[in-house]
Amino acid sequence: MEIVKSKPSSKLSMKRKIEKITPYLYLVPAVILVVIFCIYSDFFSLIVSFTEWDGLNEMQFIGFQNYIQMFQDPNFLLSSINTLIWVFGTLLIPVFIALLFAIAITHVKTQSFFKIVFYLPNALSQTIAGIILTTILSTYGLPHLLGVMGFESLAKDWLTVPYINTLIMVVSSGWQGIGLNLILFIVGLNQIPKEPIEAAIMEGAKGIRLYTKVVLPLLKPIMLIVLLMSLVNSFKSFDTIWVMTNGGPFRTSETLAVTMYKEAFVNNQLGYGSAIAMLLSVTVLIISWFLLRDTFKGEE
Amino acid sequence: MTSTSLLLVACGGNNGSGGNSANAVDYYSDLADDGPIVEEISENMEEKIDLSINFTGYSDGQAYQTAASQSLGKEDSPGIFKWWSGYRLNTLASTGEIADLTDEWEDYYIDAGINPELAEAFTVDGKIYGAPLSVLYNVVFYNKNVFDEYNLSPPETFDDFLDIAETLKNEGVIPLAVKNDGWASFVWLQFFLGAYDPDLYTDLVEGNVSYEDDQVVEALTVWQSMIEAGYFGEPVKSENQTRQFAMGDAAMAYEPPIFIKGLEDDYDMEANEDYGMFVIPSMDGDTEPVIFYEASPLVISEASSQKDDAKKVLRELETKDSFEIYAKESKAAFVEGVETGNEISDEINEIANSDDYILKLRYYEATPSNIVDTATENLWEFFYNPSENSLKKALANIQKVADEEDF
């Protein structure tokens, strides 16, 4: 009897074990990729950041010298300011304007049409969009047309004008970023239960007050995702800048990601480039943690 | 992040042309447009020595330098790499990862008609590490139609050059077109120093003279006054610079002969009909004019399993037959007797090989790369905000880096 009883129980426990392990097995390919491309790379970058290395000769351990140099380097400080401009621009255009458009679009009957119109730029890669915009904004593009129309002071290659070019690129990149955020906001707005809104309206809430006090708090989970994606993307801003200005002229339009690439692969200072990469990674991780901690708490 | 980039860069590049046979030698280059030329040379070569070339071209020079540097030192590294001369070659040679080609020069290249003087640009500590791929001479191209319209002719003296610029500016034409490539500001440093005093240029790039030296400041003050006078166009993308020149919006451009390819292919301009060239006269009128050149070598990976085959391929590349093909396609030649089929380009090659001009290695290769990187940024900043103070500030910043360099 004991033997007969023990067989199904061992089968059952084996089945339970397999059931427990199975989800982890599905994760293995992703984990392997993350370990190779993220964990190993981050760990390697961390080590390199404490060295002086040109990629050809032996690494020389120099302690925190690269981190000290970073805060004394005017290029690093300027690219940090530019990164903050990108972050601010990213909050203003792809998030705030996308939210306004989403609210407007949910009130019209032809939602699908507007969704397609605003999402289309997102279908282009940032590199392709950058090339197209560079051509349009170059000397023989839109500025030339403005010159012919009599606005001669505007007939110049604006992408070569320091500081102005950063603003142009933020707007260009923002134009592309609106599409996805808009769709997410529309999905979020459509999922909000009608009851609390109707109750608020019955109690006299309307217009901006209705949105700030009722709708937007209910949209918070989607807003957090959009904010996080946009912030992380703004800290990583590279493609648009690399294609449109190459970080120039004289490094005035670089962001931290571009400075990291230039120091590591153009100036062959892989140690210094890695130090910038570490700072960038830690900044993005801290921001992500602040934004996501409430979401994780909610899930727990 | 940087290490992932390294990994991805190493995986990058465009597989171009060339043989796929078992006896193919890999050839890496940042000149992606060379693919069809190398393919043609490879086809001819395969018939002769049963070896072909597998060309990989990178369109991004920086990505190329990283990929090439990372692949050296390994058995499976490509046999042949395109590289740069001067200090950039010194850095690579000091690692011991590229092959010594001194014997190849003596046994093959010189006999094939390559000028032995070129070996100097590829020599490090008495050993020759490169075989010439191209030598590009920088000259001033001028739009003949614009010059004819305002009754101008190429300058005999530096003052003539300034008069031409003044006339063009007054007629609403940009005297000198400027391209905005990050590295391109140094060409004007060499332009003015070469015209002022070629020896001063040499002393500067070799670290014997300070960037804050009075003579250097004086030479570059001429540049400052010309920027302030409006003789330079606003920096534009390279393709727009060609367009400005071709459309007659700009009258002159300081460029190597590969500039011609764009003029002919994209704008149907004809040599000596639509455009001409001249070398900038010296400021004192007595010194011979200077032509700056860029010499690009091909190097062989010391550790590569293809090393021996790569040497055989290089012997075939360093022949007049191969250079004829290269010259016709790129519109640039440097080997005596090899013609491009373009009158202006052939004339540039002819005068550069004559005794009437002084040849100087261009700034990018002639001085340590850390100084070049700092100089290009600071000179651009000066170009956008020209003043006595911004010039002095730029030169002080460059000298600060030069002080730390071991020349």
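Residues numbered from 1 in each chain as written. Chains lettered and ligands numbered in written order. Predicted model: local features only at pLDDT ≥ 70, side-chain atom pairs only at ≥ 80, totals over all residues. Heavy atoms only, no water.

Visitor: Describe the interface of chain B and chain A, listing the residues and the values that go with them.
Guide: Contact residues are listed per partner, giving 34 residues for chain B and 36 residues for chain A. Counting each side, the surface lost to burial between chain B and chain A is near 2900 Å², with a carbon and sulfur contribution of 58%. Close ionic contact of E234(B) with K156(A) constitutes a salt bridge, the shortest N to O distance being 3.9 Å. Our count for the chain B to chain A interface comes out at four residue pairs in polar contact (both at pLDDT 80 or more). Those elements that provide at least two residues to the side of chain B that touches chain A are α1 (2–11), α3 (61–71), α4 (86–94), α11 (238–247) and α17 (369–384) of chain B. (Contact = heavy atoms within 4.5 Å. Buried area = accessible area lost by both parts, 1.4 Å probe. Salt bridge = Lys/Arg side-chain N within 4 Å of Asp/Glu carboxyl O. Polar contact = N/O pair within 3.5 Å; in protein donor to acceptor, adjacent residues only side chain to side chain. Helix = DSSP H or I, 4+ residues; strand = E, 2+ residues; numbered from the N terminus.)

Visitor: Kindly report on the packing of helix α8 (residues 186–196) of chain B against helix α9 (residues 198–205) of chain B, identifying the contributing residues and their values.
Guide: Residues and elements named next belong to chain B. Close contact between α8 and α9 brings their axes to 5 Å; oriented N to C, the two are set at 130°. When the interaxial angle is binned, α8 and α9 end up oblique. Residues Q190, L193, G194 and Y196 of α8 form the contact with α9, whose participating residues are P198, L200, Y201 and L204. Class assignment for the residues of the contact of α8 with α9 results in six nonpolar, two polar and no charged. (Axes fitted to C-alpha atoms, helices over the stretch in contact; angles between N-to-C directions. Parallel < 35°, antiparallel > 145°, perpendicular 65-115°, else oblique. Nonpolar A, V, L, I, M, F, W, Y, C, P; charged D, E, K, R; others polar.)

Visitor: I'd like a description of the layout of surface pockets, backed by residues and values.
Guide: Residue and element names in this part refer to chain B. Approximately 770 Å³ is the volume found for the second largest pocket. Around the second largest pocket sit 29 residues that line it, and E120, A121, Y293, K360 and L361 are the ones nearest its centre. Those elements that provide at least two residues to the lining of the second largest pocket are α4, β5 (123–124), β7 (131–143), α9, β12 (358–361) and α16 (363–366). By residue number, the principal contributor to the lining of the second largest pocket is α4, which donates four residues. Looking at the lining of the second largest pocket residue by residue, the class counts come to 17 nonpolar, seven polar and five charged. Two domains each donate at least three residues to the lining of the second largest pocket, and these are domain 1 (2–134 + 296–350) and domain 2 (137–292 + 360–403). (1 Å grid on protein atoms, 1.4 Å probe; cavity = no way out; pocket = protein on both sides within 12 Å on 5 of 7 lines; lining within 4 Å. Points joined across faces, edges and corners; volume = space filled by probe spheres on them. Domains from an automatic or database assignment.)

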